[in-house]
Structures are given as structure tokens and as C-alpha cells.
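Below, each chain spelled out in residue letters.
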Amino acid sequence: MTETKTSTQGERRRHTAASITSCAQKLVVARGLDGFTLEELAEQAGVSRRTLFNYFPGKLDAVVGQKPELGTDDMAEFVAGGPTGDLIEDVIAMTRRLVDTGELTPAELSRARQTLAAEPRLAMYAHERLGHDCAHLADLVVQRHGPQFDRHRAELLMQVLACTLDVALSRFIVLDEDAAPSWADVLADTIREVRGLFR
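Predicted model, so just to flag it, every value in this text is computed and none were measured.

Definitions and limits used
- Residues numbered from 1 in each chain as written.
- Predicted model: local features only at pLDDT ≥ 70, side-chain atom pairs only at ≥ 80, totals over all residues.
- Heavy atoms only, no water.
- Helix = DSSP H or I, 4+ residues; strand = E, 2+ residues; numbered from the N terminus.
- Rg over C-alpha atoms; globule rule 2.2 N^0.38 Å.
- Buried < 20%, exposed > 50% of the residue type's maximum accessible area, 1.4 Å probe, protein only.
- Contact = heavy atoms within 4.5 Å.
- Areas by Shrake-Rupley, 256 points an atom, 1.4 Å probe, with all protein chains shown as cover.
- Core = buried A, V, L, I, M, F, W, Y, C linked by side-chain atoms within 4.5 Å.

> If you had to explain the overall build of the protein chain to someone new, which residues and values would you point to?
Counting its secondary structure elements, the protein chain contains 10 helices and 0 strands. Ordered by position from N to C terminus, the α and β elements of the protein chain give α-α-α-α-α-α-α-α-α-α. Radius of gyration (C-alpha) of the protein chain: 18 Å, near the 16 Å computed for a compact globule of 199 residues. Principal-axis analysis of the C-alpha atoms gives the protein chain an extent of 50 × 40 × 35 Å. For the protein chain, with 199 residues in total, the buried portion stands at 36%. Sequence separation of 24 or more characterises 65% of the internal contacts of the protein chain that already satisfy a separation of 6 or more. As displayed, the protein chain has an accessible area near 11,500 Å², and 54% of this comes from carbon and sulfur atoms.

Structure, rendered in C-alpha cells:
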């Protein structure tokens, strides 16, 4: 299988997953989390129930969206001290790889935030997922720096990153979609701004 074909299949999967999540969020806003079935979601998204379960194990995951994952090579590069050798810039590089799908617009992220705010169960689930992601990134920081960068410092860094993500989201969703920078760019710029506060 060629790299181009693999890339195209990956893009198709991301597009289908994003379409399912978009439909799920619209249904939550219109009817509430318990106001629709997975069969109705599949019908709205134009996929079969089987396809729906190939992408998401349940309703909560469908609404929150696919969990971004770092590639093995990306993690190995970070733990080895890359890609730049500067911890914060390398954290930015990792977060960019996690969020830079090129598909999220201010309106879509605004709807996602509205959806989470409307349903406490969704907000709690999204928070748990973010906590898991932060813990994983903290593990990578400790692996990278060893005992001199203890677990408490790594966890503090990730908590600051999580708060920064929320600030960046607030900034991004009010931008004009036609002229807006990407979500990844806004997040990177906000992380650098927070870093500057402590210099």
C-alpha cells in the first residue's frame, strides 16, 4: 500500500468520524443526550450502525469525538529530547500534532463547547479523557528528563497546559472563520504567551 493511499484512507476516516461527531453534537443540542438513539445517529450521519461502532464504542465517545493519539515515532522523538531540544517548544510540537487536523473551525469548536456545557455527563467524560491525556504527557516528560524533573513538576506543567488549552479555545471560537488562523496555531501562540508570563 502506498503512502498516498494510506494518507487518503486516514483522511477519509477522520472526515467520517468528524461527520458522526458533528451529527451527534447537533442531536444533543436539539434533544439532549438521552433524546436520540445510536440508530438515529447513524441515520443522521449517513452511516450504518456497524460503521458507527467501528468508529465509536458508544454515545459519549461519538459526541466528544475521536481521541487524538500521538504516533510512536512522535513520542520517541520527544522522549529523546526532540524535535527542538526546548521542552516547551517540544510540548507545543506534540500538541500541534494532536490537534492539527485542519478540519476544526471556530463554529465547530464553539458547538462542541456548547454541547459539553449542556450535559454534565459529557463534561465529566471529556474532563476524564483530558486528565488521562495529561497524565500520559506527564509520563513522557518524566521519561525525557529523568529524576531531575519529578512527577509533580510534570503534572503541574500538564495542568497549566490544560488551562491554557481552555483559554486558547475561548480565543479561537470568537474568530472570523474566513480569516482565522488554525486551532493549532492559536493554541501554540497561547502556550508561548503563558510561557512569557513566567520569564
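Following the structure, the description resumes.
> An account of the side chain of T190 is requested, with residue identities and associated values reported.
Along the polypeptide, T190 turns up in helix α10 (residues 183-197). Ignoring sequence-local partners within four residues, the contact set of T190 consists of T164, V167, A168 and R171.

> Residue-level account of the nonpolar core, with values.
Counting residues in hydrophobic clusters, the biggest one holds 30 residues, and the most contacted among them are F78, L87, L137, V141, L157, M158 and W183. The set of elements that each furnish at least two residues to this core consists of α6 (87-99), α8 (120-145), α9 (151-172) and α10. If one sorts the elements of this core by residue count, α9 sits on top with 8 residues. Aside from chain neighbours lying at most four places away, what touches L87 is F78, V141, R144, H145, F149 and L157. Formed by 18 residues, the second largest nonpolar core is a distinct cluster that contains A17, C23, A42 and A62.

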